[in-house]
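Coordinate analysis (summary)
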Amino acid sequence: MAVELCLLLLLFCGSTISEVQPIYKPPPGTLDFGFVPSKTYDTGAYHEPGAIGVLFKIVHAFLYLVQPNTFPQDLIRKLAQQQFGNTQGDYQKAIYYEIGFIVSAALGLLFILLLPLVGLCFCMCRCCDNCGGEMHQRQKKNADCQRSCFATFLFVASLIISVGVLCAYAANQHLTNQVRGAKKLVNSNFKDLKIFLNDTPAQIDYLVNQYNTTKDKALSDLNNVGPVLGTRVQEQLGKEVRPALDAALTMAGAIRETKEALENVSVSVEVLQEGTERLHANLTDVKMHLSNTLNDSACNAAQAASTCNIIRNSLDQLDINANFSGLPGVSSQLAKINDVLKIDLSSLVQKGYAAFNDTPDLVVNQTRNILSDIKSVLESIGSNITTFTRALPVQKILADLMVYLTQSEAYVQDYFPVVEQYDFYRWLGCLILCCMLVLILVFYYLGLLCGTCGYDKHASPTTRGCISNTGGNFLMAGVGFSFLFSWLLMIVVVLTFVTGGNVEKLVCEPFEDKNLFKVLDTPYLLNKHWKNYLAGIIFKNPNVNLTFEKVYSDCKENKGIYTSLHLEHLFNINELLNISMYTEDVALKIEHIQINLSKIILLDEIGKENLLNFSSSGIDGIDFSAYLTEINKSVTKVDLLSFANDLEARADQLPKGALENALKGHANNIRMIHNQQVVPLEQAMKYVKARSTLNQSIRLLKRTSSELMVKVKNVISAVNAAQNLINNNASQVIVQETKKYMDTIIGYFEQYTEWVKESIAMEVAACKPIANVIDTAIDIFLCSYIADSVNTFWFGLGGSSMFLIPAIIFAVKLSKYYRRMDTEDVYDDSSVSGTWHFTL
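Since the structure is predicted, the reported quantities are computational estimates derived from the model, not experimental observations. (Residues numbered from 1 in each chain as written. Predicted model: local features only at pLDDT ≥ 70, side-chain atom pairs only at ≥ 80, totals over all residues. Heavy atoms only, no water.)

1. Side note on the overall build of the protein chain
A tally of regular secondary structure across the protein chain gives 28 helices and three strands. In the protein chain, which comprises 840 residues, the share counted as buried stands at 47%. A fraction of 88% describes how many contacts in the protein chain between residues 6 or more apart in sequence connect residues 24 or more apart. When the accessible surface of the protein chain is split by element, carbon and sulfur atoms take 58% of a total near 41,800 Å². (Helix = DSSP H or I, 4+ residues; strand = E, 2+ residues; numbered from the N terminus. Buried < 20%, exposed > 50% of the residue type's maximum accessible area, 1.4 Å probe, protein only. Contact = heavy atoms within 4.5 Å. Areas by Shrake-Rupley, 256 points an atom, 1.4 Å probe, with all protein chains shown as cover.)

2. Section: the state of the cysteines
On inspection of all chains with the given rule, the structure shows two disulfides. One disulfide in the model links Cys508 with Cys783; its S-S distance is 2.0 Å. Handedness here is read from the sign of the S-S torsion; for Cys508 and Cys783, about -100°, the answer is left-handed. In this pair, Cys508 sits in helix 14 (residues 466-512) while Cys783 sits in helix 27 (residues 768-802), placing the two residues 275 residues apart along the sequence. Residue Cys508 shares its accessibility class with Cys783, and that shared class is buried. Residue Cys555 pairs covalently with Cys767 via a disulfide, S to S 2.2 Å. (Disulfide = S-S within 2.5 Å.)

3. Side note on helix 3 (residues 73-80)
When we look at burial in helix 3, the residues that qualify are Gln73, Leu75 and Arg77. A positive backbone phi angle near 60° is found at Gln82, which sits one or two residues after helix 3.

4. Some thoughts on unusual backbone geometry
In the Ramachandran plot, Lys514 falls in the positive-phi region, its phi being about 65° despite a non-glycine side chain. Assignment of secondary structure puts Lys514 in the loop between helix 14 and helix 15 (515-520). Under the relative-accessibility criterion, Lys514 is labelled partly exposed at 27%. In this structure, Asn558 is a non-glycine residue whose phi angle is positive, near 65°. Secondary-structure assignment places Asn558 in the loop between helix 17 (548-556) and helix 18 (561-564). What makes Asn558 partly exposed here is its relative accessible area of 29%.

5. Digging into helix 2 (residues 53-66)
Taking 1.5 Å per residue, 14 residues should reach 20 Å; helix 2 reaches 20 Å between its end C-alpha atoms and fits that length. Taken together, the buried positions of helix 2 are Gly53, Phe56, Val59, Leu63 and Val66. The arc enclosing the buried residues of helix 2, seen along the axis, measures out at 125°, which places them on a common side. Residues of helix 2 that are exposed and point over 90 degrees away from its buried face: Val54, Lys57, Tyr64 and Leu65. (Expected span 1.5 Å × (residues − 1). Arc of directions from axis to C-beta.)

6. Digging into the confidence of the model for the protein chain
Residues with a pLDDT of 70 or more make up 73% of the protein chain, whose mean pLDDT is 75. Taken together, the stretch residues 1-28 has pLDDT below 50 and engages in 84 contacts with residues farther than four places along the chain or on a different chain. Low pLDDT, under 50, characterises residues 828-840; the stretch is placed with 20 contacts to residues that sit more than four places away or in other chains. (pLDDT = per-residue confidence, 0-100.)

7. Here's the deal with the packing of helix 27 against helix 28 (residues 804-818)
Two elements in contact, helix 27 and helix 28, have axes whose closest approach is 4 Å; the angle formed by their N-to-C orientations is 30°. For the element pair helix 27 / helix 28, the angle class is roughly parallel. Between helix 27 and helix 28, the contacting residues are Ser800, Ser801 and Met802 on the first element and Leu804, Ile805 and Pro806 on the second. The residue inventory of the contact of helix 27 with helix 28, partitioned by class, reads four nonpolar, two polar and no charged. (Axes fitted to C-alpha atoms, helices over the stretch in contact; angles between N-to-C directions. Parallel < 35°, antiparallel > 145°, perpendicular 65-115°, else oblique. Nonpolar A, V, L, I, M, F, W, Y, C, P; charged D, E, K, R; others polar.)

8. Some points on the pattern of salt bridges
In this structure the tally under the stated criterion is seven salt bridges. The salt bridge involving Asp554 is made with Lys550; its shortest N-O contact spans 2.7 Å. Separated by four residues within a single helix, Asp554 and Lys550 lie in helix 17, roughly one turn from each other. In this structure, Lys559 and Glu557 form a salt bridge, with 3.5 Å as the shortest nitrogen-oxygen distance. (Salt bridge = Lys/Arg side-chain N within 4 Å of Asp/Glu carboxyl O.)

9. A few points about the layout of surface pockets
Approximately 500 Å³ is the volume attributed to the second largest pocket. Of the residues in the lining of the second largest pocket, the class split is eight nonpolar, five polar and seven charged. (1 Å grid on protein atoms, 1.4 Å probe; cavity = no way out; pocket = protein on both sides within 12 Å on 5 of 7 lines; lining within 4 Å. Points joined across faces, edges and corners; volume = space filled by probe spheres on them.)

10. Some remarks on the nonpolar core
Core analysis: the largest hydrophobic core is formed by 53 residues, its most contacted members being Leu207, Ile538, Phe539, Leu546 and Trp755. Every element with two or more residues in this core is listed here: helix 5 (143-209), helix 6 (211-223), helix 13 (394-454), helix 15, helix 16 (533-539), helix 17, helix 18 and helix 26 (708-762). A per-element tally of this core places helix 5 first, with nine residues. Excluding residues within four positions of it along the chain, Trp755 makes contact with Phe33, Gly34, Val36, Tyr206, Leu207 and Gln210. Grouped together as the second largest cluster of nonpolar side chains are 49 residues, Phe483, Leu804, Val812 and Leu814 included. (Core = buried A, V, L, I, M, F, W, Y, C linked by side-chain atoms within 4.5 Å.)

11. Points about the packing of aromatic side chains
Throughout the structure, instances matching the rule amount to 21 aromatic pairs. Between Phe62 and Trp794 the ring centres are 6.0 Å apart and the planes differ by 55°, which places this aromatic pair in the tilted class. Of this pair, Phe62 sits in helix 2 while Trp794 sits in helix 27; the two residues are 732 residues apart in sequence, bridging distant segments of the chain. For Trp794, a relative accessible area of 4% translates into the label buried. Among the aromatic side chains, those forming a connected cluster through ring pairs are Phe62, Phe101, Phe497, Trp794 and Phe795. (Phe/Tyr/Trp six-rings, centres within 6.5 Å; stacked < 30°, edge-to-face > 60°.)

12. A closer look at the side chain of Asp192
Here Asp192 lies in helix 5. Here Asp192 sits buried without a salt bridge, and the closest side chain of opposite charge, Lys191, lies 6.5 Å off (N-O distance). (Lys, Arg positive; Asp, Glu negative; His and termini not counted.)

13. Quick word on the packing of helix 2 against helix 14
The interhelical angle for the contact between helix 2 and helix 14, taken along N-to-C directions, is 90°, at an axis separation of 11 Å. Classed by the angle they form, the pair helix 2 and helix 14 counts as roughly perpendicular. Taken together, the residues of helix 14 that come into contact with helix 2 (itself represented by His60, Phe62, Leu63, Tyr64 and Val66) are Phe497, Gly501, Glu504 and Lys505. In terms of residue class, the contact of helix 2 with helix 14 is built from five nonpolar, two polar and two charged.

14. Here's the deal with the environment of Val233
Residue position: Val233 is located in helix 7 (residues 225-294). Once the C-alpha coordinates of Val233 and Thr359 are considered, the two residues, 126 residues apart in sequence, prove to be 7.8 Å apart.

Structure (C-alpha cells):
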C-alpha cells in the first residue's frame, strides 16, 4: 500500500512538467520556489545507556573473548536457504564459530550437574562425621594464620559475588525502566509515521502549486514582451545602429561648431585689422616725417652724414609685422554653412533615435494576438494539472494507510500493559534469583561478622562463645543454600548466556556494521526464484538492483522515498517529467512571432544631402597656414622703444642744433605710438581675446576640414548600412532573439522540472521514520534494551555463581574455627617426649 501511494504521488508530480534539451540554453532568471514544507521528526533513534554503559562495554569485551570470530555470512545464508548440512564442512564451521559458546555452556552444564551432586555427597559425608562433619578440631600452630586467610578469602569472594549481584540487579532494573519508558518511544515513532503520511500530500500540493511561480514568471515576461524581446532585438541591432546615429549626431555638432568658428574668425580678423591699420598709418606718418628731417641740408655736413645715413637705412623697420588686412575672408564659407544649418540635422538624427527606441513598442503591437494565445496555453496547463490532481485517489490511499496505522497504534497501546505485566513477572523472577544470592551473602557476611567479633583466641574449641558458634553456623547455612541455589542460578545463566550472546553476535553487531543487510541482500536468499527480494516485492522484477542496505542507508540520511526505493525502475521521472507536451505549443506560438521594423527611418535623404552640403561648404579651401603665420607674428617689425632710444642716442652724436632736436622729437613720437597703440595691441583684453579666439577657431576649422569629404561619406555609409540591416537583415536578428526568448520561457519550465526532481529525490516523502522504526526495533529495543540488559544480567549472575565454589570451600574451612567443638586436642607438658591426649 505504501509503495502504491509513493508511485501515485510521484506520478502526480510528473504529470505537471516535462523535459527538453534546447540547442541554446540561456541563463534565465533564477526562480525562487521556496522550501518544500516539512516537519521535524521527534524520534531520535539513538540510545544512551548512561552509567550502566560501562557494564555493557565490559560484557561486549567478554563476549569478544568468548566469540572473536567474524560474522558467518555463508553459514547464515545456507541456513536461510535450508542448505545447511549439505556439505560436511558446515557443521565444522558452525562448531568453530560457536566454540566459545559451546565450551562456556559445557562448563555451565558441568556446573549444573556436578554442584548438586557434590553438595549431596558432601552432606552425606558430613552426616557420617567425615568431610569436616566431625565436631573435633586438631590444634595447629598456624591455626590463627589459616583462620585469617580463610576469612579474608571468603570476604573477597563475597565481595565479588556482591558486585555480580549488583550488576545483575542493575541490568534487571535497567531493562524494566526501559520497557516502562518504551511507550514514549513507540508513540514517537507512530507520530513520525503520521507526520510522514500527513505531510506527503501537502508536499505534493506544494510542488504542484509552485507551477504558478513558473507560470507567473512566464506571463510576466509575456506581458513585458517589449522590454524583454523588444529590448533584446534593439540591443542586437543597436550594435550597428547606435554608432551610426552617434556619428551623424557628432557631424551635426561639427556643423554648428564650424559655423561658430567661422563667425569667430570673421569677427576676430576685423578687430585685429582695425588695430593694425591705425598703427600702420601712424608709423607711416612718422617714417615720412623722419625721412623729411633726414633730407635736411644739415645731414650733408661731414659730422652728421654718417649718422643720418644709418638712421635713413633703419627707416624700413618702422612698419607693422602682422598684417591681418591681407588675409583671405571666410564669408563665402560662412554663407554656405548658414545654408546648411537651415536644415536641423540634429533634429533629424533625434527622430532616428526615437524611431529606433520605439522597437519594444513595435514588438508589443505586432505580437499582441500571439501572446494572448500563449497565455491561454499556459492557463490550460494549469487547468489540466487541477483536473489530473482531482482524478488521483491520493486522499483515499492516505486515509486507508492512516486507518491501518491508527489500528496498529491502538493494538500496541492495548497490548503494552500486557507487555509491562509480563516484564513485571520477569523482573520479579530475576529479583528472586538475585535474592537467592543475597540470602547466601547475608549468611556469609553474618558468619564473618559474628565469627570475627565473637572469636576468642584464648578459648579452647570446646569452650567457644555463643556468638562465634553462631557465626560458624551462619557460614554452614550459607554453604547449604549455595548447594541448593547454585544449580538453579547456573541454569538461568546458561540459557540467557547462549541466547543473549548469540543475539549480540548474530544480530546486533552485524546490524551495526551492516553485515546483516549484506546477508539479506544475498541473491535468491529469501526467495529461490528472485535474485533481489526487495525488488521482487516492490517492482515485481527481481533483477533490479535494490538492496536492503541501500534503502536503509538512504532512509537513514532522510532522502526521499523515490530515491531510497529506486522507483525510477518502476517509472522514470525523466520520462514522466516531459515538459514538451506543454511547451511544444508555446514554442510554436513563439516561433510564429513576426516583427516588421521597416518603418524605422534612421536618417532621411534630406539629412544625408545636408551632410554632403556641409562637406562641400569650402572650409577645406581656407588658407589656414596664412592665418596661423600672421597670428604668430609680433605687432611691429622692431621694438619701437628700442628704436626710439637708438634714434635719440644717435641724435646726441650730432652737433647741437635743429637737426638734433628734430630727431629727438621723432623719438618721442615713436615712444608715444608704442605706448598708445602697440602696448594695447599686445596687452588689451579686446585684442588678446581676438587673437586667441582666431587661433583656436582656425585650428578647429583645420581639424574639421581635414578629410571632411571622407568623414561625411563614412557617416552616410554607416547610416545606410544600419538602415539596410534594419530593412533586410533584421528578420534574422529577430528570429535569433525570438529563439532566445523562447528558450528563456522554456528555461523557467526546466528550472521547475529540475527543482521538482531534486525535491522528489531528497525532500518529498523523506523516509527517515522508516529507518527510525528499524533502528527502534532492532538497535534500541532488541539490542540496547533487551540484549545488553540480559547479557549484563547473566554476566553478573554467572560471575557470582562461579565464585560460590571458592566461597563454599572457604566457608566450610572457616566454620571449623568459629563453631564450638565437641572434642579437642590437649597438649600434656609433663610428657617428656610430648604426647597428645584426646579429651571428651
